[in-house]
Amino acid sequence: MKPTDIAKNIKLVCLDVDGVLTNGSIVISGEGELFKEFYVRDGLGIKFLQDAGIQVAICTGRTSTIVTERAKELGITLLMQGQKDKRDGLADICARAGVKLSETAYMGDDIPDLCLFPLVALSAAPSDAVPMILREADWISAQPGGRGAVRELAEFILEAQDKMEYVVRKRFNTEI
C-alpha cells in the first residue's frame, strides 16, 4: 500500500523529539539542560493536525522540562518521556488515545526509533535521519529534523485526508 493511502486512515501522529522536533542539538551547562530549539512551522503543523481531529503525541527516550513546556504550549497531552523501550511508551499512548497502532504514524530519526517502525501504519523520517532509518521509513520528508519535517508530515497526512483546506479555513478564516 502506498504511503498516501495509509495516511488517509491516520488518527494519531507520534513524534520523537531530538532530531525530529529539534535539530538534535542539546545545549547543556554544569547545571543541566538549557536549550532545545523548536521550529515554529512544525508547531503550526501540529496545530493543524489537532484542528483536523488527529491526535498528536510525543514519545522520547530523554526526560526534559523543556519538552514538557513545549508539549503544554502545543496542547499535547499524550507525552511519554524517559522511554528506554519506546514500544512500551507507544503502547501506553495508543491505549490512552483510544487508537490502534494500525491508525498511527510515527516519525523518528535514529536507531532507538527503529523498533516502532514495524508496529505503526506509517513510519516517517526527517531527511537527515540516520541511514538505517531512511532505509526503513515508509515516508521521508524533504526537510531535516527541527526545520520543517514535522510540518511536511502534517501536511502530507492532511492532504491525503482532504483536510488541509479545512484546517487553514478553521484556523485563519482564509482560503488556500
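Residues numbered from 1 in each chain as written. Predicted model: local features only at pLDDT ≥ 70, side-chain atom pairs only at ≥ 80, totals over all residues. Heavy atoms only, no water.

**Quick notes on the layout of surface pockets**
And step 1. Volume-wise, the largest pocket comes out at about 160 Å³.
And step 2. If you go around the largest pocket, you meet 13 residues; those closest to its centre are Asp 16, Asp 18, Lys 86, Asp 109 and Asp 110.
And step 3. Here the residues of the lining of the largest pocket are counted per class, giving 2 nonpolar, 4 polar and 7 charged. (1 Å grid on protein atoms, 1.4 Å probe; cavity = no way out; pocket = protein on both sides within 12 Å on 5 of 7 lines; lining within 4 Å. Points joined across faces, edges and corners; volume = space filled by probe spheres on them. Nonpolar A, V, L, I, M, F, W, Y, C, P; charged D, E, K, R; others polar.)

**Side note on a nonpolar patch on the surface**
And step 1. A cluster of nonpolar side chains, namely Val 27, Leu 34 and Phe 35, defines an oily patch on the protein surface of about 280 Å² accessible area.
And step 2. Here Val 27 is to be found in strand E2 (residues 27-29).
And step 3. Residue classification places Val 27 among the partly exposed positions, given a relative accessible area of 40%. (Patch = residues over 30% accessible without salt bridge, like charges linked within 9 Å, V, L, I, M, F, W, Y side chains within 5 Å. Areas by Shrake-Rupley, 256 points an atom, 1.4 Å probe, with all protein chains shown as cover. Salt bridge = Lys/Arg side-chain N within 4 Å of Asp/Glu carboxyl O. Helix = DSSP H or I, 4+ residues; strand = E, 2+ residues; numbered from the N terminus. Buried < 20%, exposed > 50% of the residue type's maximum accessible area, 1.4 Å probe, protein only.)

**Thoughts on the state of the cysteines**
And step 1. Across all of its chains, the model carries 0 disulfides by this definition.
And step 2. Unpaired in terms of disulfides, Cys 14 finds its nearest cysteine sulfur in Cys 59, a separation of 5.1 Å. (Disulfide = S-S within 2.5 Å.)

**Notes on the pattern of salt bridges**
And step 1. With the rule as written, the count across this model stands at 12 salt bridges.
And step 2. Between Arg 62 and Asp 18 there is a salt bridge, with the nearest N and O atoms lying 3.4 Å from each other. In this pair, Arg 62 sits in the loop between strand E4 (55-59) and helix H3 (65-74) while Asp 18 sits in the loop between strand E1 (12-15) and E2, placing the two residues 44 residues apart along the sequence.
And step 3. Residue classification places Arg 62 among the partly exposed positions, given a relative accessible area of 34%.
And step 4. Since its relative accessible area comes to 14%, Asp 18 is described here as buried.
And step 5. Arg 171 is paired through a salt bridge with Asp 51; the nearest N and O atoms lie 2.7 Å apart. With Arg 171 in helix H7 (residues 164-172) and Asp 51 in helix H2 (residues 40-51), this residue pair connects regions lying 120 residues apart in the sequence.
And step 6. Its relative accessible area of 34% is what places Arg 171 among the partly exposed residues.
And step 7. On the basis of relative accessible area, Asp 51 is assigned to the buried category, the value being 14%.

**What to know about helix H6 (residues 149-160)**
And step 1. The end-to-end C-alpha distance of H6, which contains 12 residues, comes to 17 Å, matching closely the 16 Å that a straight helix rising 1.5 Å per residue would cover.
And step 2. Those residues of H6 lying buried are Ala 149, Val 150, Arg 151, Leu 153, Ala 154, Phe 156, Ile 157, Leu 158 and Ala 160.
And step 3. Among the residues trailing H6, Asp 162 stands out with phi positive, at a value near 55°. (Expected span 1.5 Å × (residues − 1).)

**Structural notes on the pairing of E4**
And step 1. Of all 5 residues in E4, 4 are buried, a share of seventy percent or more.
And step 2. By the bridge criterion, 4 bridges tie E1 to E4 in an arrangement that is parallel. Pairing of Val 13 across the sheet is with Val 56, part of E4.
And step 3. The sheet contact formed by E4 and strand E5 (residues 78-80) spans 3 bridges and is parallel. Following the sheet pairing, Ile 58 is matched in E5 by Leu 79. (Pairing = 2+ DSSP bridges.)

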